[in-house]
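Chain and residue survey
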Amino acid sequence: MIRVRVVGVALDPAQQHVILLKPVDAAAGGARVLPVWIGAQEAMSILVAIEGSGSPRPLAHDLMTAMLGELSASVDLVEVTHLDEGTFHARIVLQTPAGPRSFDSRPSDAIALAARADAPIWVAEAVFAEAGVPDDAVELQAPANEGADGPAEEKSVEEFRRFLDAVDPDDFQG
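Reading the values: rules and limits
- Residues numbered from 1 in each chain as written.
- Predicted model: local features only at pLDDT ≥ 70, side-chain atom pairs only at ≥ 80, totals over all residues.
- Heavy atoms only, no water.
- Helix = DSSP H or I, 4+ residues; strand = E, 2+ residues; numbered from the N terminus.
- Buried < 20%, exposed > 50% of the residue type's maximum accessible area, 1.4 Å probe, protein only.
- Contact = heavy atoms within 4.5 Å.
- Areas by Shrake-Rupley, 256 points an atom, 1.4 Å probe, with all protein chains shown as cover.
- Pairing = 2+ DSSP bridges.
- Axes fitted to C-alpha atoms, helices over the stretch in contact; angles between N-to-C directions.
- Core = buried A, V, L, I, M, F, W, Y, C linked by side-chain atoms within 4.5 Å.
- pLDDT = per-residue confidence, 0-100.

**So, the overall build of the protein**
Helix and strand content of the protein: 6 helices and 8 strands. What you see in the protein, going N to C, is helices and strands ordered as β-β-α-β-α-α-β-β-β-α-β-α-β-α. In the protein, which comprises 174 residues, the share counted as buried stands at 39%. In the protein, 55% of the contacts between residues at least 6 apart in sequence involve partners at least 24 apart. Taken as a whole, the protein presents about 9700 Å² of accessible surface, with 53% of it coming from carbon and sulfur.

**Some words on the sheet that holds strand β3 (residues 32-38)**
Spatially, the 8 strands line up as an open sheet ordered β6-β5-β4-β7-β1-β2-β3-β8, and their pairing is mixed. Only two strands of the sheet have a single neighbouring strand rather than two, namely β6 (99-105) and β8 (133-134). The sheet contact formed by strand β2 (residues 17-23) and β3 spans 5 bridges and is antiparallel. Across the sheet, residue Leu-21 finds its bridge partner in β3, namely Leu-34. Sitting on the sheet, helix α4 (residues 107-117) is in contact with β1 (2-11), β2, β3, β4 (74-84), β5 (87-96), β6 and β7 (121-123), with an inclination near 40° to β5.

**Remarks on α4**
Counted residue by residue, α4 has 9 buried out of 11 residues, so it is predominantly covered. With its phi angle positive at about 55°, Asp-118 sits one or two positions after the end of α4.

**Considering the nonpolar core**
Residues Ile-19, Leu-21, Leu-34, Val-75 and Val-123 are the most contacted members of the largest nonpolar core, which totals 33 residues. In terms of residue count, α4 provides more of this core than any other element does, 5 residues in total. If we ignore the near neighbours within four places in the chain, the residues touching Val-75 are Leu-68, Ile-92, Val-93, Leu-94, Leu-113, Ala-117 and Ala-119.

**Notes on the confidence of the model for the protein**
Fine structural detail should not be taken from predicted coordinates in areas where pLDDT scores are low. Across the protein, pLDDT averages 79, with 76% of residues at or above 70. Mean pLDDT across the elements of the protein ranges from a minimum in helix α6 (residues 151-166), with 51, to a maximum in β7, with 96. Taken as a whole, residues 140-150 scores under 50 in pLDDT and shows 22 contacts with residues more than four places along the chain or in a different chain.

This is the structure:
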């Protein structure tokens, strides 16, 4: 397993959201990043967590984190375990009063929880080898909490706040 950190959330040319994961130890994955395609709402949830910006109401992952805390459980780590026909699979490992528990998860949900819990994120070496790309193939911007608090990050947070102010809950009903 290779320990990674979130280095950005971006849009690909087809306007799909991609989370970019980079090895914490540069020697572990070389000069590569792992792009993982996620939904727009998961992207916003991850951005809120890594940029440390709040939302007027708890997002789903904030609620999950609060519930875990009330149950005396915590996110120990998350793992992106394998690829199956282009679909990433992950596990969330919790510490609970009854001992460790592991749950199958979408990588976006696992990463959103890890970002809130300051839990380590790991990627299987085989996944990184298969799906990793050279880091110069994507334009990376560090999250605001890593010292890159320039206009692009501020604009992203401001755009999300405007979205939250204008969103209608009926927009999300199936």
